[in-house]
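Now for the letters of each chain:
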Amino acid sequence: MNAVINLQDDRSERRTAPEGLRPETGSMSMIQALNSAMDVMLEKDPNVVIFGEDVGYFGGVFRCTEGLQQKHGEDRVFDTPIAEGGIVATAIGMGVNGLRPVVEIQFADYIYPAFDQIASELARLRYRSAGQFWSPVTIRTPCGGGIRGGQTHSQTPEALFAHVCGLKTVMPSNPYDAKGLLISAIEDDDPVIFFEPKRLYNGPFDGDPDKPAVSWDNHEKGQVPVGHYRVALGKAETVRAGNDLTILAYGTMVHVALAAAAREGIDAEVIDVRTLAPLDIDTLCESVCRTGRCVIVHEATRHCGYGAELSAQVQEHCFWNLEAPIERVTGWDTPYPHAQEWAYFPGQARVAKALRRTLDA
Amino acid sequence: MNAVINLQDDRSERRTAPEGLRPETGSMSMIQALNSAMDVMLEKDPNVVIFGEDVGYFGGVFRCTEGLQQKHGEDRVFDTPIAEGGIVATAIGMGVNGLRPVVEIQFADYIYPAFDQIASELARLRYRSAGQFWSPVTIRTPCGGGIRGGQTHSQTPEALFAHVCGLKTVMPSNPYDAKGLLISAIEDDDPVIFFEPKRLYNGPFDGDPDKPAVSWDNHEKGQVPVGHYRVALGKAETVRAGNDLTILAYGTMVHVALAAAAREGIDAEVIDVRTLAPLDIDTLCESVCRTGRCVIVHEATRHCGYGAELSAQVQEHCFWNLEAPIERVTGWDTPYPHAQEWAYFPGQARVAKALRRTLDA
Amino acid sequence: MASRLHIPTAPYRPGEQPDFSTIKLPKAGELARPDELVAANECSELPFNLLRVLDDNHQATGPWDPQLPAAVLLDGLRYMLLTRLYDERMLRMQRQGKMSFYLKCTGEEAVSVAQCMAVNDGDMLFPTYRQQGLLITRGYPLLDMMCQCLSNAGDKLQGRQLPVMYSSDVHKFFSISGNLGTQFSQAVGWAMAAEYRKTNDIAVAWVGEGTSAEADFHYALTFSSVYRAPVILNVVNNQWAISTHQNVAGGDQNPFAARGIGYGIPGLRVDGNDFLATYAATRWAAQRARTGGGPTLIELYTYRAAPHSTSDDPAKYRPTDEWEHWPLGDPVERLKQHLVALDEWSETDHERMREELEDTVSTIWKEAVSLGTLNEGPHPPDAAMFEHVYKEMPSHLVEQRRQLEGRDERSN
Amino acid sequence: MASRLHIPTAPYRPGEQPDFSTIKLPKAGELARPDELVAANECSELPFNLLRVLDDNHQATGPWDPQLPAAVLLDGLRYMLLTRLYDERMLRMQRQGKMSFYLKCTGEEAVSVAQCMAVNDGDMLFPTYRQQGLLITRGYPLLDMMCQCLSNAGDKLQGRQLPVMYSSDVHKFFSISGNLGTQFSQAVGWAMAAEYRKTNDIAVAWVGEGTSAEADFHYALTFSSVYRAPVILNVVNNQWAISTHQNVAGGDQNPFAARGIGYGIPGLRVDGNDFLATYAATRWAAQRARTGGGPTLIELYTYRAAPHSTSDDPAKYRPTDEWEHWPLGDPVERLKQHLVALDEWSETDHERMREELEDTVSTIWKEAVSLGTLNEGPHPPDAAMFEHVYKEMPSHLVEQRRQLEGRDERSN
Ligand SMILES: Cc1ncc(C[n+]2csc(CCOP(=O)(O)OP(=O)(O)O)c2C)c(N)n1
Ligand SMILES: Cc1ncc(C[n+]2csc(CCOP(=O)(O)OP(=O)(O)O)c2C)c(N)n1
Ligand SMILES: [Mg+2]
Ligand SMILES: [Mg+2]
């Protein structure tokens, strides 16, 4: 079901790993990969500091910062008051004064109190000061459903941030990318909103809640270099080459899409968008112009969701090549319910139906 | 340049005005029309209260609430502390306790501190309590540029709200609609975010800053019934019928679109979307399926803007009828600059170019 | 000399020996009780004290003693015990996989029970997730609580909310939000509307001490101060916010009750494990609010004996025996001892009550699971998901519901 | 009896006769000056007082007298006067249509000038739009200020910002945000980083009293209290927030300086029109911050003599002569009188200085307009609009810039 992935594929990684020398890798869950990214960056750059609710002594409610305070000290990894707006504001000020803050918002559902600081300040500081001031803050936040979290532990509000110019918006779908993208995000001098699909923290998830959980151990993208490497921001990845149609997805939906295509026996090209802003439109359009058909999958609500932008751009660039309407498979336009979670989650059946419809059009 | 508009066109108005009897009308600017809507509702419903920064004694920085405190009393129209989040939270609580609050956020650029209360609370209260609790808050806020306001007095963040299910999102383009829609919004039991294009407050604006300003006096939509009437939420309006292509616009851009089409001599059908959520997709698609061509115009930044949703839906519904790519003409993906305002503003030239391209495709 | 960044921390971590002798505990009964309409600045010492009524011999003492009849105290004891037993049962059921999540209020039962008893039925409650005692005290059916936790066919909230996110308009118990603090400022609006509508109702709101750092705390204090809204603003200081000690919310600087001073709002700091003190403080604040005195900020000083929730493992961040060293004891035990000291109660009575309540919980639980569990169903129908997004379902949701039900014409 | 909704209002409205005899003015020099490292709770009376150094005879008096050499005072006078003259000129130019907007700080010049002089050059300033005096005191070129206001070809901010939204990294003057209050909490982060990096710098931030209701005020107090950040948090209480009186921000309840008490932050309430008192308070707070004492909250009590901005007409909401009745007078005049009383200055000197500064402003203005005005240009190039959204321009912005420049291949 999973596409063949070449670890040596990423150009920025090649830069860090000397020619011919494969970096030492280990099997890591997404949590471990994220932890490792922060560990590496704390080690490498004394200006990196990490903070947020429960991230210090405890190591985060999802354990992403486990052990980092003990290893790097209390003034580099610490707990904050419960005030997402205050956390981001503090990070902005620190960034202006030379630090490189990485903050955690405990759930993406709780990022809204920080919206003003993110959209009005973090995103615009460089612009409004004509480059005099800027703050290289990275905001990590777990997102997405499928964990019985109900409406306030399941949201993926990526579209709200992708609409705000000045921000980079990222969502990895596997441990390898998670670590490489997080390192790139921390090193980037622009602010990055880094969404972590929590349903993928401990293993890939193809959308079928009845199957036993699997770990990242046996997944190629669970093999992660222990040291420093980058996955470039702003680059989509073709995780499966194919000819019948193109699926655009990110986060958990990459795995659902692969499974749905496999189940239907469709030779789909599956592209993991990875960076939502700025978007790697070339990779997407090259594919859709070739296959002539496109299905977009995301977990967030449909109306004004990120899929709308993907659809609009693909249509703008590939109109003359399109052989079927571009479809979107998304969360419904309702909050994420608790009991009806699996009726809400855009699972294999819904994706498969859309693939079929698109092929048959 | 302006389309022929039939005041008797609106069904909800016919409901309030008895058959054959035309309501008394007067010439009103958009500010006066909004003021009149609030005046009428304060008179009609003792549960209506109005508050916000400077809206009480002073009557609002744009004078939309002028005279209302003097007429209806200090406990019905009053000033608040400067805390947009607190204003919306207070309104939510009041709404739960039987009132019908209408609040003003002084500029749409300053609505972000209230984002959490709007998106997490106001929009979801009915849902999460399964209908036990709800709060019929109307949030009025001036938006849009073309007034030399710079990046923090020019934004139109409608897409952020249109993405949040549970909210209704409205933007009128003229005094008649403004009053009728605002009355509908206040009477509606769902929360409504009501964007007021401030460039239209005192007169229609076709996008040409060099022309002398005109008032609403000589505009048909500046003739406004003095009493109570409604313009239904959720209904787009065809402000100009045409055959060559369909332009979807709202707010200030309706006027720019009309002017651009006239200037190019294009027989465009121009639809004023008016309510962005829930969207009147039927009216839009009927038109695009007929004309086969569609240009979408809005002032907000492009990436993940509301135009993306319009484009995606039109494409989904009208794919087989489309004869040219759907185009979007929008603000650039930068903050709204001060000096370069007219290079930023999607004016007639840019719209005209897109119309031409779409016709020639 | 450069100053160093100060990072506050918890006083004790796993492996350390908790010693709370540093917590200055004033003697019960010593604090003067000002008139309810006292000017805020004339009682600004209150938040720096700790209001206690029950003394070391389990006697009620001092001017704050609410002098409640034994029958009322026994009601309080019963509600507290029921809350605790309900929590215990639900926790066990969560462990058995019957529900996705649970969250106890063990050690904090006096907060919700005494406070609820001290206000009127018409007063509106804006709780957090740790005030299940309010619902129990107001007589909300346990069956409905359980069905909500089970997200089953009997769930009045149609399966929409995570367990414990109760709501009851009838009981004037506001829908609990997963977003911390948001209800604190809403309560002020509700209270303003009560005045506008000239009813006599007041609003009562709660946040945890950790949540006091959120914007809504400031909004609530500002707006209630400016409009003198009839509201009681409670901060439940149970020492912990998940793994984060109250010191990280500023608790090592000044008591949370003192935050009111700057806004001209009187602050009361109360032994939250003392049923009588908690009742008395709330009563004072309610009387103040109802007679035009405006808001009061109450800090309930207590201890979160339970893990934060079933997703939490406190052994990772605090000594497992920390509660045993907690100087303010167990609220249930303390009220029981008071009733025993009054000769109104005995260990045998208590045992009997516990058994009776356990039976009640058990019986109702059986009824609840007969209506379904999260994993096995039956649940509320899938289509219910599309209701209540708006008052009336707009066409795009009708269409999405059709798609869900497979009745989409376009699907093959 | 139902209590009624309380709606605060301004003490005087147009047509009414202002009478500020209700404002209790303590005598200059009477307030004790505690050690800079005093515990917050040991100086909690300070925010309820009003720190004044200049007495009715224009003499400096009491323990807070900073005992500044006359040369320093003369510098202060010069900066204040220059600020005022600059404001006057810019206002006239706005009226003549040379710029889209302007905003004066008349009557509040002591706030920015004295505070700026009381801190070090390495200290980072996080101003609002009403502290142009900071830039003038730090020697930022008037030409650059004017070009920013004109959005002309010389504008260092490339025409992006509304007039008066200055920024200067070199002068450690943070980019002004149109969004009220956001910089207050950012300043705390900056200060924390200063400690982290073991520099000796502190941060200084300002908000208006109206803005104290925003979330960032609370975040700033909470975070600076928790991490004891070296920051001075200033609330400029100029009585008005556009048309809204400070009473609507809670100013009729307690002084804004008192908001710090609950957080364990010392509060100083200062006669903001008294150059010496303002200097002294700032110096105290700076010393406290630099020696590990953490944050101080300073309320600068003053009066906004000017309209809110050129978009405002205060005659609509306050008596036009209100400032004349303001009991704390004019800061420029008061410092001048002090220098005269010290025999260091005379009316003639003052007139000469005024003329010289007016000439300076005039000369620089001519240079500035020679670089363009908003309406007539030249402006920064249109294409500059796409820069600095990101550090490096992503391809979609390159493409949009091409479209703007008409070089879009797709365009005919
Ligand atoms: C806005 C928001 N931020 C973060 C969370 C995650 N969260 C849930 S409970 C909690 C701790 C709350 O602590 P406290 O306020 O002290 O209440 P307690 O749990 O002790 O009753 C956190 C951080 C949330 N639910 N909402
Ligand atoms: C977040 C936000 N809300 C509202 C505004 C509009 N606004 C600009 S200035 C102002 C009044 C501010 O008053 P105050 O804080 O007292 O400062 P002053 O103007 O008196 O110096 C308001 C409401 C804004 N700029 N930002
Ligand atoms: Mg707590
Ligand atoms: Mg002010």
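Bear in mind that the values here come from a model prediction, so they are computed numbers and not experimental data. For every chain, the first residue of its written sequence is number 1, and the numbers climb from 1 along that sequence. Following the order in which they are written, the chains are lettered starting with A and the ligands numbered starting with 1. Residues qualify for local features only when their pLDDT is at least 70, as the model is predicted, and side-chain atom pairs are given and counted only at 80 or more; totals for whole chains, interfaces and linings, by contrast, use all residues. Each side-chain value is worked out from all heavy atoms of the structure, with water and hydrogens disregarded.

This next bit is on the overall build of chain A. What counts as a helix is a DSSP run of H or I of at least four residues, what counts as a strand is a run of E of at least two, and both are numbered from the N terminus. When helices and strands are counted, chain A shows 13 helices and 14 strands. A compact globule built from 361 residues should have a C-alpha radius of gyration of about 21 Å, and chain A, at 19 Å, falls within 12% of that. Dimensions of chain A along its principal axes, counting C-alpha atoms only, are 60 × 45 × 45 Å. A total of 361 residues make up chain A; the buried ones form 77% of that total. The contacts of chain A with a sequence gap of at least 6 include a subset with a gap of at least 24, amounting to 79%. All tallies of charge rest on Lys and Arg as positive and Asp and Glu as negative; His and the ends of each chain are not included. A charge is said to be at NZ when it belongs to Lys, at CZ for Arg, at CG for Asp and at CD for Glu. Side-chain charges in chain A split into 33 positive and 48 negative, and the spacing between the mean points of these groups amounts to 3 Å. The reference for a compact globule is 2.2 Å times residues^0.38; the radius of gyration itself is calculated from the C-alpha atoms. Here's how the labels work: a residue is buried when its accessible area is under 20% of the maximum for its type, exposed when over 50%, partly exposed in between, all with a 1.4 Å probe on protein chains only. We call two residues in contact whenever any of their non-hydrogen atoms come within 4.5 Å of each other.

Residues and elements named next belong to chain B. One open sheet holds the 5 strands; their spatial order is β9-β11-β10-β13-β14, and the pairing between them is mixed. Of all strands in the sheet, those with a lone pairing partner are β9 (237–240) and β14 (327–331), marking the two edges. Adjacent strand axes in the sheet meet at a mean angle of 25 degrees, parallel and antiparallel pairs treated alike. Two strands pair under a simple rule: DSSP has to find at least two bridges between them. Examined bridge by bridge, β9 and strand β11 (residues 268–272) share 3 bridges and lie antiparallel to one another. Note on β11: the bridge partner recorded for Thr238 is Ile271. Note on method: axes are straight lines fitted to C-alpha atoms, helices fitted across the in-contact stretch only, with angles between N-to-C directions ranging 0 to 180 degrees.

The next thing to look at is the interface of chain C and chain B. Taken together, the contact pairs 39 residues of chain C with 44 residues of chain B. Looking at the side of chain C facing chain B, the largest losses of area belong to Tyr196, Phe223 and Tyr390 of chain C, adding up to 20% of the total buried there. Salt bridge, as used here, is a side-chain nitrogen of Lys or Arg placed within 4 Å of a carboxyl oxygen of Asp or Glu. A salt bridge links Lys391 of chain C to Asp189 of chain B; its shortest N-O distance comes to 2.5 Å. N or O atoms closer than or at 3.5 Å make up a polar contact, with two conditions inside protein: a donor-capable atom paired with an acceptor-capable one, and, for residues adjacent in sequence, both atoms drawn from side chains. At the boundary of chain C and chain B, one finds 26 residue pairs in polar contact (both at pLDDT 80 or more). Where the side of chain C that touches chain B is concerned, the elements lending two or more residues are α5 (182–196) and α6 (215–227) of chain C. For the side of chain C that touches chain B, the element with the most residues is α5 of chain C, which contributes 9 residues. In terms of residue class, the side of chain C that touches chain B is built from 18 nonpolar, 14 polar and 7 charged. Joining two parts hides part of their accessible area as seen by a 1.4 Å probe, and the buried area is that hidden amount summed over both. Side-chain classes are defined by residue name, with Ala, Val, Leu, Ile, Met, Phe, Trp, Tyr, Cys and Pro counting as nonpolar, Asp, Glu, Lys and Arg as charged, and the others, Gly among them, as polar.

Turning our attention to the packing of aromatic side chains. Stacked, tilted and edge-to-face pairs are distinguished by plane angle, under 30 degrees for stacked and over 60 for edge-to-face with tilted covering the rest, among Phe, Tyr and Trp rings (Trp via its six-membered ring) whose centres lie within 6.5 Å. Counted by the stated rule, this structure contains 57 aromatic pairs over all chains. Within the aromatic cluster, the residues linked to one another by ring pairs are Tyr112, Phe115, Phe161 and Phe195 of chain A together with Tyr112, Phe115, Phe161 and Phe195 of chain B. Charge-over-ring contacts are defined here by two conditions on Lys NZ or Arg CZ: a distance within 6 Å of the ring centre and an angle within 35 degrees of the ring normal. Geometry around Tyr57 of chain B places Arg13 of chain D over its ring, the cationic atom sitting 3.8 Å from the centre. Just above the ring of Trp64 of chain D sits the side chain of Arg33 of chain D; from NZ or CZ to the centre is 5.3 Å.

In this section: the confidence of the model for chain C. All names here are of chain C. Here chain C shows a mean pLDDT of 96. Residues at 70 or above account for 98%. Every residue in residues 408–412 scores below 50 in pLDDT, and together they form 13 contacts with partners more than four places removed in sequence or on other chains. The ipTM assigned to the predicted complex is 0.97, against a pTM of 0.97. pLDDT is a per-residue confidence score from the predictor, ranging from 0 to 100.

Taken together, 20 residues sit near ligand 2, with Glu84 of chain B together with Tyr129, Arg130, Thr211 and Trp240 of chain D positioned nearest. We define proximity as follows: a residue is near a molecule or strand when any one of its heavy atoms falls within 4 Å of that partner. In this structure, ligand 2 is bordered by residues of chains B and D. Taking Gln106 of chain B, its side chain carries an N or O atom lying 3.5 Å from a nitrogen atom of ligand 2. Between ligand 2 and Asn238 of chain D there is a distance of 2.8 Å, counted from an oxygen atom to a side-chain nitrogen or oxygen. Only the protein chains shown count as cover for residues, with accessible areas throughout obtained via the Shrake-Rupley method and a probe of 1.4 Å. Starting from 580 Å² of accessible surface for ligand 2 in isolation, the protein chains cover 96%.

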